[in-house]
Amino acid sequence: MDKVMVQVVSVVSAAFCLGIAGVAAALAQGKATASALDAIARQPEAKNSITQILIVGLAIIESIALYALLIAIVLIFVNPFAR
Amino acid sequence: MTIEIGQHAAWHFFGLTFNSDTIISSLVVSSFILVFAVAAKFFVIKRNKHISGMQAVCELLYGFSVSISEGVMGSKGKKYSSFIASLFIFILAANVFGVLPITEIIELFFGKYFSGIPKLEAPTADINTTVALALTVFFAIHFYGVKAKGISYFKRFISPNIVFLPLNIMEELSRPLSLAVRLFGNTFGKATILLILVSLVSFPFIYPIPILALGLFIAFVQAYIFALLTTFYVASAISDGH
């Protein structure tokens, strides 16, 4: 295929990749935070352990968006097909 | 203005490539930690009537970094707290090094005497550093697991059933990958946002400050998460059954 065409497709697909993953990760993080706030409001004495679990959960959710970021970086800067 | 991403000044020895800027910044961070630790030893051992500021800082840092492992594992975490606290302190110092504009200041004052001062990013903005840290954690988990439970440690790979062997192996392999990519992605993303913001205006002094503040916050949270996840992995490796 034409090299320019491959580059155009790579850039567009990198944007879509990061966009969709960002929407999903943001929704998931919002849901997790809302649930944790509910739990803290119901049981304020368990605040410390809930916060710890919340931070770990947010980190694991965030890695989804970061995998997408990695794929986008690979597509734009070190694309094996556009060489 | 061109923005270069993922480009490192490289040394070539023996047919291998070394990213010189990452090595230099890691050495700077390590020597800073070493100097701080030696200074802390001299400041803290002297027991005065009133606590000095340096001692308060040292005690806060030590207490927090040890409480990461001991808060999760309890008294069992004492054996592993030195490993996890070192990881936390190194990653925190490395991330904070990326926020400080050290090379920019050197270039501002001494730029007319020297040319070609390398731009030092955080060591953790290079994926080689984060992969090395994650592999250390990966091998440490299995080492601690075998040390604590002997040969019965490997039962966890066939834990409910032999059918789950590929799933368990996949889970073990995804841990270092996610650790490395998370730390790299956050640090690198912050650096890239800063680079793009600075390249937009001709006089970039005040306007990257919010991103720098966010960078300090990210630096702390990512170091904490790395240490906390390591603690969870070690705790699951040394625990009996699920």
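Rules behind the numbers
- Residues numbered from 1 in each chain as written.
- Chains lettered and ligands numbered in written order.
- Predicted model: local features only at pLDDT ≥ 70, side-chain atom pairs only at ≥ 80, totals over all residues.
- Helix = DSSP H or I, 4+ residues; strand = E, 2+ residues; numbered from the N terminus.
- Rg over C-alpha atoms; globule rule 2.2 N^0.38 Å.
- Buried ≥ 20, exposed ≤ 12 C-beta atoms within 10 Å, placed from the backbone.
- Contact = placed C-beta atoms within 7 Å.
- Nonpolar A, V, L, I, M, F, W, Y, C, P; charged D, E, K, R; others polar.
- Core = buried A, V, L, I, M, F, W, Y, C linked by C-beta atoms within 7 Å.
- Axes fitted to C-alpha atoms, helices over the stretch in contact; angles between N-to-C directions.
- Left-handed = near helix turned anticlockwise from the far one by under 90°.
- pLDDT = per-residue confidence, 0-100.

### Here we look at the overall build of chain A
No. 1: Along the backbone of chain A there are 2 helices and 0 strands.
No. 2: Taken over C-alpha atoms, the radius of gyration comes to 18 Å for chain A, far larger than the 12 Å a tight globule of 83 residues would show.
No. 3: Reported as C-alpha extents along the three principal axes, the dimensions of chain A are approximately 60 × 15 × 10 Å.
No. 4: Within chain A, buried positions represent 13% of all 83 residues.

### Focus: the overall build of chain B
No. 1: On a plain count of helices and strands, chain B comes out with 7 helices and 2 strands.
No. 2: Reading chain B from its N terminus to its C terminus gives the helix and strand order β-β-α-α-α-α-α-α-α.
No. 3: Taking all 242 residues of chain B together, 27% fall into the buried category.
No. 4: Of all intrachain contacts in chain B linking residues separated by at least 6 positions in sequence, the fraction that spans at least 24 positions is 69%.

### Some details on the environment of I141 of chain B
No. 1: With respect to the helices and strands, the residue I141 of chain B is situated in helix α5 (residues 127-149).
No. 2: The contacts of I141 of chain B, once residues within four sequence positions are left out, are Y233, V234 and A237 of chain B.

### Some words on the interface of chain B and chain A
No. 1: The interface of chain B with chain A comprises 11 residues on the first partner and 10 residues on the second.
No. 2: When residues of the side of chain B that touches chain A are traced back to their parent elements, those giving at least two are α6 (165-200) and α7 (209-238) of chain B.
No. 3: The greatest single-element share of the side of chain B that touches chain A, amounting to 5 residues, is contributed by α6 of chain B.
No. 4: Within the side of chain B that touches chain A, the residues separate by chemical class into 6 nonpolar, 4 polar and 1 charged.

### Considerations on the nonpolar core
No. 1: The biggest cluster of nonpolar side chains holds 40 residues, and the ones touching the most others in it are L87, F88, I91, A223, F226 and A227 of chain B.
No. 2: Mapped by element, the contributors of at least two residues to this core are α3 (81-99), α5, α6 and α7 of chain B.
No. 3: Counting residues per element, this core draws most heavily on α3 of chain B, at 12 residues.
No. 4: Ignoring anything within four residues of it in the chain, the contact list for I91 of chain B reads T124, L183, Q222, A223 and F226 of chain B.
No. 5: Residues A65, L66, A72 and L75 of chain A belong to the second largest nonpolar core, which totals 8 residues.

### Observations regarding the packing of α5 of chain B against α6 of chain B
Residues and elements named next belong to chain B.
No. 1: Packing of α5 against α6 leaves a shortest axis separation of 8 Å and a crossing angle of 145°. As for how α5 packs across α6, the hand of that crossing is right-handed. Across the interface between the two elements, I127, T130, V131, A134, L135, V137 and F138 from α5 touch R175, P176, L179, A180, L183 and F184 from α6.
No. 2: Residue composition of the contact of α5 with α6, by class: 11 nonpolar, 1 polar and 1 charged.

### Structural notes on the confidence of the model for chain B
All names here are of chain B.
No. 1: Model confidence for chain B is summarised by a mean pLDDT of 80, while 88% of its residues fall at 70 or above.
No. 2: No element of chain B has a lower mean pLDDT than strand β1 (residues 10-13), at 70, and none a higher one than α5, at 89.
No. 3: Interface scoring of the predicted complex returns ipTM 0.70; its pTM is 0.82.

### Looking at the environment of P101 of chain B
Residue and element names in this part refer to chain B.
No. 1: By the secondary structure assignment, P101 is in the loop between α3 and α4 (102-110).
No. 2: Judged by the 13 C-beta atoms lying within 10 Å of it, P101 is partly exposed.
No. 3: For the pair P101 and L120, spaced 19 residues apart in sequence, the C-alpha to C-alpha distance is 9.0 Å.

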